[in-house]
Amino acid sequence: MTAQRVTITYSAPPAFLATDHWKQVYAALLSQLPLRNLHWKSATRPNIRTIQELDVNLVSAEAKQTEHTSQIPQTVLEKPLLSAYIVVCDDTETYRNTVKKQIKEWHSTVTQRKNMEWLIIHIVRPDAIATSGRMFQMKASVLDKIKADFNVEKRDRCVELVWAYDSDYENPTAWADLIGKLKDGILCAFDAAVAQREEEVKRSEGQRQMPGWNFCTFFILKESLANSYEGMNLYEDALDTYNELEILFFQVLREKNLSWFGTLINPAPKDDSLPLLSHSKKPYRDLILANTISVFDFRTYLLARQCSILGYLGHVVEIARKAVAFLSAFGRRLRDIEEILPTHFIESWTYSSALSVVEQCDAWATGLEMNKATIASFNAVKGELVELARHQLDIIGISVGHLPNRPPFSMAFPSNSRRDGGTPATSSTQRISKSEILMALEDKNAFYKVYIGITNRAIELYATAGRRKFALKMHGDLAALDVHRGRLSEALQTFTSLPAHYAPHGWTSLESYMLFQALGIHTAAEKPRDREWIFILLDFLKAYVQDLGKELLMNTEDHIEYVTSLVQALHEATQEAESDLSHHDHPAISVSVPNGQARTADNRDGALLEVQVTNALPCDVPADEVIINLTGRDGAKLTFLENVKSLKPGKNAITLFCHSATPGIYSLHSSQVRMSRLSLHWLHSSTPPPSSSSASRSKKPPTLVSIPRDIRALDVRLRQPRRMELGTPARIVVAFNTGRNHVTRASVKLSAPSGVEFRHNEATLIDSEAGEDTFVLSDVEADKTVYVSVPHSDASAFHAMRVNITVEYTTLVEPDVNRSLTLVRVVLTSLPLAINVEDFFRGTRLFTRFTLSSTSHQHIRLKSTELRATRDDDGLKIAKAMPRSRTVTTITPEQPGKFLFQLDSARGQDREPLKLHIIYRVLREEVESVIESAVDSSLSESVSLQQYRAELIDTLVQALEKDASWVNRYEATGELIVPGIPVQDGEVGEALAHLIETLANPSSNQEPSGEWREIIIPVDVPQMHIVAAARLRVLSNPFNPDAVESLPPLFAGQPISALLTIKASFHWAPAEDVEKRSYRMRYDIEERTKDWLVSGQKTGEFIAEDDRTFTTSVTLIALHHGHLILPKVSVAALPIPGEGRMKAPLIPSCETYQAHGAEAILVLPRGGRSTFVVNMGGE
């Protein structure tokens, strides 16, 4: 059915219609068609409809009158929507006498017609307009008269067209008014016609429940609206109308009131092979009007009309989806009456219709611009149509014996259909007409050819659409066909390769089926159960436990028996495997740690951990060993394992053991179950593999496992040596404690991430062996601690050093078990004390002050500090300042300690460096030693408590760590008050309470137990070219500097005589400068302008010689009274020219001390009066 176009009729005087002038105007008018951008605003619709383009038929009124008009409503466009009258008249007199009468006759005719607009077109020549415009005219133009005579309403239905023989067809300005009037007239008439038709439809629908109402008649009436919209290119409105009719039909169908239809289906010749979407293959409208149309034909016609409109809209994807839904749904409906249909009619009709829809959609899609997603959807739905056609071949093939009645072929049967595979009995004598189906029924090879071709076509469409699952499934169907045809090698290759494509996407049903087929073919081909077979079986078991619909996968009756036989065969195959096999993340078995707390073994080193192994298979799984691996900080790894025989279905609780368990918090990294030479691995880390799906890539919290500390296990600790001497190779002490073990052999290796190298071959211990990178201890008894001193490279750049310790050892009780213990320890490499040295030269004596301070928050306990000479014959006497009454000094970060030594040298040159010996210990070490001593003393009376020694010590130490309120009292009194320990019951609680009381009341006058540490620091004796002693002495008699009389009273403003003496000493000069006998020096008296005025030579130079004194006089004037400090004197050596390698001036070192630095002068205020006798020159 072709859509009706909009019609415009025209009328004019016959004489004008016969002229060439009209022919030109008519051709020019046709060139402006179709009309574009029409905007329809209907009163019954909220939105404006825009018609992008509208085809129009322009015919004469006489020709239209001769056409026969049907009484059956088809479309509101079957009658003209607009009638136009063409007027060619430039003279008003002619218009009044002749033309007006002609227009009036035409006008009286068109105005009597409903739903039709009219328009008068006045054609004038351009020169006529120019002539009339040359002079002032009082008369109205012809157009004005036409408007005055016929525009009786407010709407203007007259328009002027300026036209000449040589006019430009394409000039838009010449046609603008006329085209606008045409659009308005068409839309106005269409709106009125649609409104009238909608009212008729509404009235008819309201009579639906009344007797005599006919659905088919109503359908034809309402379809006329859809046809009208289609003729106006309003495809959305037309589609909505058909959708409403479809909804109404389904309502009628639910009411089971089908009296207006014929039978469900009345098969006609070629019904099974004609295109589904053709609405002209049958006189559908005549059948509807006759109330004889079958439901089959009605549904087909309605679908064809809907898809036709969707084709105009370019919605090809929706067309294909509607076709798939229709064919599937109506095909199931036809199964109920299959016995009255021709044999294989449903399959032939579905097959032909599906392929015809694909061809029709491709035709409609030609020229359409679709994005990538739309193209993928289009190919996917076409693939569904082709697959639907292929399913009909499955049904036909099974019914005629070309295919076996088993999956995947039997899965094509609908749920309400027969599944016996035979050809259904039918009462119909007709035959199907699809040639391909007829050939496939007769010839098996032709059937296979069509089958493979259709399947490959579906695969290609699915692959293009990105539907890999469906494409791979179709590949599996081809492999199943190969099995049926005896082509086992090709089928096995396909079935074994397809699961790799299914697994990443979680398509377990398809994966299971393909693997099941592969196993069956492998057995049928009598191939060996080799490595390939093992992995096929593992993949099948994986898919088996993941799929809930197992009945769709296998045709075996007893699943449990079948799986049990497979598992037993797997066990036998792994025993005969030539090499070790590994498989990761198999879901048939899972290993978990329900309780993240391990426990220690009572009688040997190691830890026990409870794990839960879940067997998802319905049978026992033979196994040899269960293993889990834990990871901790810095790459630490622990392995727990236990030997088993089999794993029962469901949950299995197993206790695993680790020989070497370092305490700490670990995360479950991986697990493993061994079956002969097959290892099943699972990774439990929080980072999933990149190939996992987006859902499984969500980060899961790790499974944490806490390994407790075994206080009776072998342990290795590090500490600084008891005696350290700077300048010698650095060493570290390794404390090797055997715990409960009698160690027959232990290999210890130290390494540091910082790059510090340990020289194991220089480790010192009696009866030990040393290697390049380890040292070995042999036959060490239980509960014994061995100390090994290991030298290492320089680590002074680090405050603390991190050391990785690896111990491999065997015990006397378990000689066949090689244990490996990995520990991480941190040991201080820097000194706990910071030392600052100050030197003060005084002639042949040197005063050295050492300031010691703590470099950390720890308190340092000092027992003694001694400064010693390297040789006894060095001629150096060292004296220490008087010590305090207390023998132990405590140094804190806030309170350093200062120690002063005096050096008296008989000779100044060639002195060996001195050594400062500091004996100390950290307060923590002292307290731990006190606690250990108290615990040992307390436990010596009770043998049963010996096993709790480490626990008691840890409890007391941890309590002291949490609260530092005990520190000050302990340092002052030696009383150790342990805070924050609750009262405990039992024997251990009593021992703890006794210890707390003992520590709080120590023995008087007893030094705390424990070892002291010693630091030896080399100290170089300082050198100084010149030591100058400057003295400024006030003279009591300026005329006799040597007089020792007491000073007279001194007054402010009084000149005071003073003597400056500078004594030089070369005693501490370097040995290479011993031959130097004198130096040029310069002195400078300080100007203290607030206290003194200095008169005389304040600055001067002199020659300094060893043990010689330079003397000069100056005068001082006190500026105010009071106790005044004398000015200081600075002395400096002048450069020695020409000395040194580069002949550059050399400035000798010089230190000056003020011999009068502690002296003060009492200056009295000036007062009273004085009498002076002046000689006037008389006798």
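These numbers come from a predicted model, not from an experiment.

1. A look at the overall build of the chain
Secondary structure summary: the chain contains 26 helices and 47 strands in total. In the chain, 73% of the contacts between residues at least 6 apart in sequence involve partners at least 24 apart. Total accessible area on the chain is roughly 60,900 Å²; 50% of this is exposed by carbon and sulfur atoms.

2. Let's talk about the side chain of Thr811
Note that Thr811 resides in strand S27 (residues 800-811). Looking at Thr811, the relative accessible area reads 4%, which means it is buried. Within polar-contact distance, the side chain of Thr811 engages the backbone nitrogen of Glu814 at 3.2 Å. When neighbours within four sequence positions are excluded, Thr811 is seen to be in contact with Asn741, His742, Val743, Thr744 and Arg819.

3. A word on the pattern of salt bridges
In the structure shown here, the tally under the stated rule is 51 salt bridges. For the salt bridge of Asp156 with Lys147, the shortest nitrogen-to-oxygen distance reads 3.7 Å.

4. Some points on the nonpolar core
With 131 residues, the main nonpolar core has Phe190, Phe215 and Met232 as its most contacted residues. Ranked by the residues each element gives to this core, the list is headed by helix H7 (residues 172-206), at 11 residues. Setting aside chain neighbours within four positions, we find Phe215 in contact with Leu245, Leu248, Phe249, Val252, Trp260, Phe261 and Phe298. Core analysis: the next-biggest nonpolar cluster, separate from the first, contains 47 residues, Cys619, Val626, Leu668 and Val673 among them.

5. Concerning the environment of Thr44
Relative to the helices and strands, Thr44 resides in the loop between strand S2 (35-40) and strand S3 (49-54). Linking Thr44 and Ala195, residues 151 residues apart in sequence, is a C-alpha distance of 8.2 Å. Reaching out from Thr44, the side chain makes a polar contact with the side chain of Ser42 at a distance of 3.0 Å.

6. Describing the sheet that holds strand S31 (residues 860-868)
The strand order across the open sheet built from 5 strands is S21-S36-S35-S31-S33, with neighbouring strands paired in mixed fashion. Since the sheet does not close on itself, it has two edges, and those belong to strand S21 (723-725) and strand S33 (889-891), each with one partner. Neighbour-to-neighbour, the strand axes of the sheet open up by a mean angle of 30°, direction not taken into account. Bridge count between S31 and S33: 3 bridges; the pairing is antiparallel. In the strand pairing of S33, Arg861 is matched with Thr890.

7. Observations concerning helix H16 (residues 444-465)
Over its 22 residues, H16 extends 31 Å from the first C-alpha to the last, a length consistent with the 32 Å expected when each residue adds 1.5 Å. Residues of H16 that are buried include every one of Ala446, Phe447, Tyr448, Val450, Tyr451, Ile454, Thr455, Ala458, Ile459, Leu461, Tyr462 and Ala465, and no others. Taking the backbone nitrogen of Asn445 as reference, a side-chain oxygen 3.1 Å away marks Asp443 as the first, capping residue of H16. Downstream of H16 by a residue or two, Gly466 has a phi angle that is positive, lying close to 80°.

8. What to know about the confidence of the model for the chain
Model confidence for the chain is summarised by a mean pLDDT of 82, while 86% of its residues fall at 70 or above. Looking at the elements of the chain, mean pLDDT is at its lowest for helix H19 (residues 499-502), recorded as 48, and at its highest for helix H13 (residues 345-365), recorded as 94. The model gives residues 133-138 a pLDDT under 50, and that stretch makes 1 contact with residues more than four places away or in other chains. Predicted confidence for residues 500-508 stays below pLDDT 50, and this span has 18 contacts to residues more than four positions away or in other chains.

9. Looking at the packing of helix H9 (residues 235-254) against helix H11 (residues 295-313)
H11 packs onto H9 with a crossing angle of 160° between their chain directions and a minimal axis gap of 9 Å. The orientation of H9 relative to H11 falls into the category roughly antiparallel. Where H9 crosses over H11, the two elements pack in a sense that is left-handed. Note on element contacts: H11 touches H9 through Val295, Phe298, Arg299, Tyr301, Leu302, Arg305, Gln306, Ile309, Leu310, Tyr312 and Leu313, opposite Tyr235, Glu236, Ala238, Leu239, Tyr242, Asn243, Glu246, Phe249 and Phe250.

10. Points about the packing of H16 against helix H17 (residues 468-484)
Where H16 contacts H17, the axes come no closer than 8 Å and their chain directions differ by 160°. Taken as axis vectors, H16 and H17 run roughly antiparallel relative to one another. For the pair H16 and H17, the crossing hand works out as left-handed. Contact with H16, carried on its side by Tyr448, Tyr451, Ile452, Thr455, Asn456, Ala458, Ile459, Tyr462 and Ala463, involves Phe470, Ala471, Met474, His475, Asp477, Leu478, Leu481 and His484 of H17 and no other residues of that element. Residue composition of the contact of H16 with H17, grouped by class: 12 nonpolar, 4 polar and 1 charged.

11. Some words on the sheet that holds strand S29 (residues 833-842)
Here we have 4 strands laid out as an open sheet, ordered S29-S30-S34-S32, and antiparallel in their pairing. Edge positions in the sheet fall to S29 and strand S32 (876-880), since each has one partner strand and no second. Strand-to-strand, the axes of this sheet are offset by a mean angle of 20°, without reference to chain direction. As paired strands, strand S30 (residues 845-854) and strand S34 (residues 897-905) are joined by 8 bridges and run antiparallel to one another. Bridge pairing in S34 places Arg845 opposite Asp904.

12. Let's talk about the environment of Ile534
Mapped onto the secondary structure, Ile534 falls in helix H21 (residues 531-546). When its relative accessible area of 1% is taken as the criterion, Ile534 is described as buried. Leaving out residues up to four positions away in the same chain, Ile534 has contacts with Leu570, Ala573, Thr574 and Leu581.

13. With respect to the pairing of S34
In S34, alternate side chains face the same way, and those of Gly897, Phe899, Phe901, Leu903 and Ser905 are buried while those of Lys898, Leu900, Gln902 and Asp904 on the opposite face are not. The sheet contact formed by S32 and S34 spans 5 bridges and is antiparallel. Opposite Leu876, over in S34, you have Ser905 as the bridge partner.

14. Overview of the pairing of strand S23 (residues 743-751)
Where a strand is regular, its side chains alternate between the two sheet faces. Here 8 bridges tie S23 to S27, and the two strands are oriented antiparallel to one another. Looking at the pairing, Ala746 lines up with Tyr809 of S27. As defined by bridge partners, S23 adjoins strand S25 (residues 775-780) across 5 bridges and the pair is classed as antiparallel. Paired with Val743 across the strands is Val780, a residue of S25.

15. A short note on unusual backbone geometry
Between Leu33 and Pro34 the backbone carries a cis peptide bond, its omega angle lying at 0°. Among the secondary structure elements, Pro34 is positioned in the loop between helix H2 (20-31) and S2. A positive phi is found at Lys270, a non-glycine position, where the angle reads about 70°. Mapped onto the fold, Lys270 is located in the loop between H9 and helix H10 (284-289).

16. Considering the packing of aromatic side chains
Tallying each qualifying case throughout the model produces 37 aromatic pairs. Seen in terms of ring centroids, Phe215 and Phe219 are 6.3 Å apart; in terms of plane orientation they differ by 40°. Their pairing is tilted. Separated by 4 residues within a single helix, Phe215 and Phe219 lie in helix H8 (residues 215-231), roughly one turn from each other. Take Phe215: its relative accessible area is 0%, and that puts it in the buried class. A centroid spacing of 4.9 Å and a plane angle of 35° characterise the contact between Phe249 and Phe298, whose relative ring orientation is tilted. Of this pair, Phe249 sits in helix H9 while Phe298 is found in helix H11, placing the two residues 49 residues apart along the sequence. Through a chain of ring-to-ring contacts, the aromatic side chains of Trp213, Phe215, Phe218, Phe219, Phe249, Phe250, Tyr284, Phe298 and Tyr301 assemble into a single cluster. Above the plane of the ring of Trp1012 lies Arg921, whose end atom (NZ or CZ) is 3.8 Å from the centre.

17. Here's the deal with the side chain of Ser929
Among the secondary structure elements, Ser929 is positioned in helix H23 (residues 923-939). With sequence-adjacent residues up to four places away left out, Ser929 is seen in contact with Ser1009 and Gly1010.

18. Comments concerning the environment of Val803
Assignment of secondary structure puts Val803 in strand S27. Residue classification places Val803 among the buried residues on the basis of a relative accessible area of 0%. Counting along the chain gives 85 residues from Val803 to Leu718, while the straight-line C-alpha distance between them is 8.7 Å. Every residue in contact with Val803, bar those within four places of it in the chain, is listed here: Leu718, Leu750, Ser751, Phe758, Leu823, Val824, Arg825 and Val827.

Reading the values: rules and limits
Residues numbered from 1 in each chain as written. Predicted model: local features only at pLDDT ≥ 70, side-chain atom pairs only at ≥ 80, totals over all residues. Heavy atoms only, no water. Helix = DSSP H or I, 4+ residues; strand = E, 2+ residues; numbered from the N terminus. Contact = heavy atoms within 4.5 Å. Areas by Shrake-Rupley, 256 points an atom, 1.4 Å probe, with all protein chains shown as cover. Buried < 20%, exposed > 50% of the residue type's maximum accessible area, 1.4 Å probe, protein only. Polar contact = N/O pair within 3.5 Å; in protein donor to acceptor, adjacent residues only side chain to side chain. Salt bridge = Lys/Arg side-chain N within 4 Å of Asp/Glu carboxyl O. Core = buried A, V, L, I, M, F, W, Y, C linked by side-chain atoms within 4.5 Å. Pairing = 2+ DSSP bridges. Axes fitted to C-alpha atoms, helices over the stretch in contact; angles between N-to-C directions. Expected span 1.5 Å × (residues − 1). pLDDT = per-residue confidence, 0-100. Parallel < 35°, antiparallel > 145°, perpendicular 65-115°, else oblique. Left-handed = near helix turned anticlockwise from the far one by under 90°. Nonpolar A, V, L, I, M, F, W, Y, C, P; charged D, E, K, R; others polar. Phe/Tyr/Trp six-rings, centres within 6.5 Å; stacked < 30°, edge-to-face > 60°. Lys NZ or Arg CZ within 6 Å of the ring centre and 35° of its normal.

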